[in-house]
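Chain by chain, the residues:
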Amino acid sequence: MLDSYGRKIEYLRISITDRCNYRCVYCMPPEGVEKMEHCDMLTLEEIEEIARAFVRLGVKKLRLTGGEPLARKGLVDLCRRLGAIEGVEDISLTTNASLLAPVAAQLREAGVRRVNVSLDTLDAEKFKKITRVGRLSDAIEGIRAALAVGMSPVKLNTVLIGGFNDDEIPALVGLTRLYPVDVRFIELMPIGHTTEFGAEAYLPCSVVLERVPELTPAGTDGGVAKLYTLPDALGRVGLISPLSSHFCAECNRMRLTSDGKLKPCLHSRQEIPVRGLHGEELEAAIKNAILCKPQMHVELSAEHRSESARNMNQIGG
């Protein structure tokens, strides 16, 4: 289905829980957030029903997010059921990977072919600082498990934060020489609890090219990342620039929150409830949400914050 600006909507991001075992500083406050009651979250059956409606309207790609999706019971079975929907061409997962190793093989068998892993630093102490509770070793174990079971591509998402991890850019890029992974740098977005960061934290992705000048252009990944490679590297480097060079004109996605709201734009307050709707009524609400998708998001910078009414753990990115 086309939105009002001619963009073909083929991608649905599904937040299956707002809960997470980390407390990342750009995602939620130190004390965490008030947990949604289980009865307020979409059931797995409701998620499947909404996904089927989207697929009937032309969506081909599904991504499961959170919070931390691996914290939701029944994830493997949900992936298997979503993969059985005729018309679904791709199922993927965004995760912090801390819980991934024990279930990587099951997810691969259930149809998850690729995974995005949040990895903001290669320093164990800094990792604990940015996540407040996490261990780098758990994430590394999960990444290795994903590679071992044949998930491809494995993408490592690094939120670029000036004064925190910009000194690690060469080391993170260097991972592509050692492993068949995509390391993707994402500009810090002024949304939710990023208020503690000063203006110096909001670096443009162009700084990656300045720090590693041997990177050469390699097209796009079919999504929002501009790709680069090092000579003889096994993987690629991606740059995602929602602030310095927004990609709204190519945006082909919708977002479903874990409590059953559709977000036409990550940075908008607008949400369309679909829980409890079925059949033609559900499809009509989805069509309306797609047609409500704005041409572009609001200006984003250290001074101009996102208008989203939710924290990132409640949206899934």
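Conventions and cut-offs
Residues numbered from 1 in each chain as written. Predicted model: local features only at pLDDT ≥ 70, side-chain atom pairs only at ≥ 80, totals over all residues. Heavy atoms only, no water. Helix = DSSP H or I, 4+ residues; strand = E, 2+ residues; numbered from the N terminus. Rg over C-alpha atoms; globule rule 2.2 N^0.38 Å. Contact = heavy atoms within 4.5 Å. Areas by Shrake-Rupley, 256 points an atom, 1.4 Å probe, with all protein chains shown as cover. Lys, Arg positive; Asp, Glu negative; His and termini not counted. Charge placed at Lys NZ, Arg CZ, Asp CG, Glu CD. Buried < 20%, exposed > 50% of the residue type's maximum accessible area, 1.4 Å probe, protein only. Arc of directions from axis to C-beta. Polar contact = N/O pair within 3.5 Å; in protein donor to acceptor, adjacent residues only side chain to side chain. Core = buried A, V, L, I, M, F, W, Y, C linked by side-chain atoms within 4.5 Å.

**Some thoughts on the overall build of the chain**
Looking only at helices and strands, the chain has 8 helices and 12 strands in total. Computed over C-alpha atoms, the radius of gyration of the chain comes to 19 Å, within 12% of the 20 Å expected from 2.2 N^0.38 for 317 residues, which places it in the range of a compact globule. The principal-axis extent of the C-alpha atoms belonging to the chain is close to 55 × 45 × 40 Å. Summarising the internal contacts of the chain: among those between residues at least 6 apart in sequence, 73% fall at separations of at least 24. For the chain, the exposed area adds up to about 13500 Å²; of that, 51% sits on carbon and sulfur atoms. The positive charge centre, built from 40 side chains, and the negative charge centre, built from 42, are 2 Å apart in the chain.

**Let's talk about helix α4 (residues 124-131)**
Residues of α4 that are buried: K126, F127, I130 and T131. Down the axis of α4, the smallest arc covering the buried residues is 125°, so these residues share one side. Exposed side chains of α4 directed beyond 90 degrees from the buried face belong to E125 and K129. Residues of α4 that are buried in the fold lie against α5 (136-148). The backbone nitrogen of E125 has a side-chain oxygen 3.0 Å away, supplied by the residue at the start of α4, namely D123.

**A short note on the environment of E200**
Along the polypeptide, E200 turns up in the loop between β6 (181-187) and α7 (206-211). E200 sits 37 residues away from G163 along the chain, and the two C-alpha atoms are 7.2 Å apart.

**Remarks on the environment of I47**
Positionally, I47 belongs in helix α1 (residues 44-56). The spacing of I47 and G260 is 213 residues in sequence and 8.4 Å in space, taken between C-alpha atoms. I47 has contacts with I14, I16, L42, R72 and L78, leaving out every residue within four places of it along the chain.

**A short note on helix α6 (residues 169-178)**
Among all positions of α6, only I169, L172, V173, L175 and T176 are buried. The buried residues of α6 occupy an angular sector of 130° when the element is viewed end-on, so they sit on one face. Buried positions along α6 lie against β5 (154-160), β6, α7 and β9 (236-240).

**Here's the deal with the nonpolar core**
Ranked by internal contacts, the top residues of the largest apolar core, which has 88 residues, are L107, F185 and V208. Here this core gets 7 residues from one element, more than from any other, and that element is α1. Discounting residues that sit within four places of it in the chain, V208 has contacts with L160, I169, V173, F185, L215, V237 and L239. The next biggest cluster of nonpolar side chains, apart from the first, holds 6 residues, and it includes I186, V224, A225 and F247.

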